[in-house]
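Examination of the molecular architecture
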Amino acid sequence: MPVRIAAILSLVCFVACLLAGTIFGDNPLETVVLVALQGMAATFVIGYVVGMMAGVIVREKIEAEEAKVRDLIKQQKDALAAEAEAQGGVIDVA
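Residues numbered from 1 in each chain as written. Predicted model: local features only at pLDDT ≥ 70, side-chain atom pairs only at ≥ 80, totals over all residues. Heavy atoms only, no water.

Details of the overall build of the protein
Test applied: Helix and strand assignments come from DSSP, with helices taken as H or I runs of at least 4 residues and strands as E runs of at least 2, each series counted from the N terminus. Radius of gyration: over C-alpha atoms. The globule rule applied is 2.2 Å multiplied by the number of residues raised to the 0.38 power. Each residue gets one of three labels from its accessible area relative to the maximum for its type: buried under 20%, exposed over 50%, partly exposed in between, using a 1.4 Å probe on protein chains only. Pairs of residues are marked as contacts when any of their non-hydrogen atoms sit within 4.5 Å. Note on areas: Shrake-Rupley, 1.4 Å probe, and residue coverage restricted to the protein chains presented here.
Broken down by element type, the protein carries 2 helices and 0 strands. By the compact-globule yardstick of 12 Å for 94 residues, the protein is too spread out, its C-alpha radius of gyration being 27 Å. Oriented by its inertia axes, the alpha-carbon framework of the protein measures out at about 90 × 20 × 15 Å. When the 94 residues of the protein are sorted by exposure, 15% land in the buried category. Looking at the protein alone, contacts between residues at least 24 apart form 59% of all its contacts between residues at least 6 apart. Total accessible area computed for the protein in this model is approximately 7200 Å², and 69% of it derives from carbon and sulfur atoms.

Observations concerning helix 2 (residues 29-87)
Stated formally: Between the first and last residue of a helix there are one fewer steps than residues, each counted as 1.5 Å, and that sum is the expected span.
The end-to-end C-alpha separation of helix 2 is 84 Å, in line with the 87 Å expected for 59 residues at 1.5 Å each. Every buried residue of helix 2 is accounted for by Val 32, Ala 36, Gly 39, Thr 43, Gly 47, Gly 51, Gly 55 and Ala 84. Those residues of helix 2 that are buried are in contact with helix 1 (2-24). One or two steps after helix 2, the chain reaches Gly 88, where phi turns positive at roughly 85 degrees.

Written out as structure tokens, the structure is:
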């Protein structure tokens, strides 16, 4: 995931630098491409860090939701067991 985000952001930056340098900047092609490559490299590093942070956030959110589901299932099993005990029967809650 981090590499995808970094690659997408860096390619967008590269294209934006190329367009800005050629359309608005009347610069020679070598200068435009060099600056675009530098921007692409810098944006890849920044995008990779952002992707890593996004991955951590998503992972933490998934773990929190899984814990909520486990707690809900445990509560339901406990409620079924209490109901079975109250009725004197046995309900398999495996």
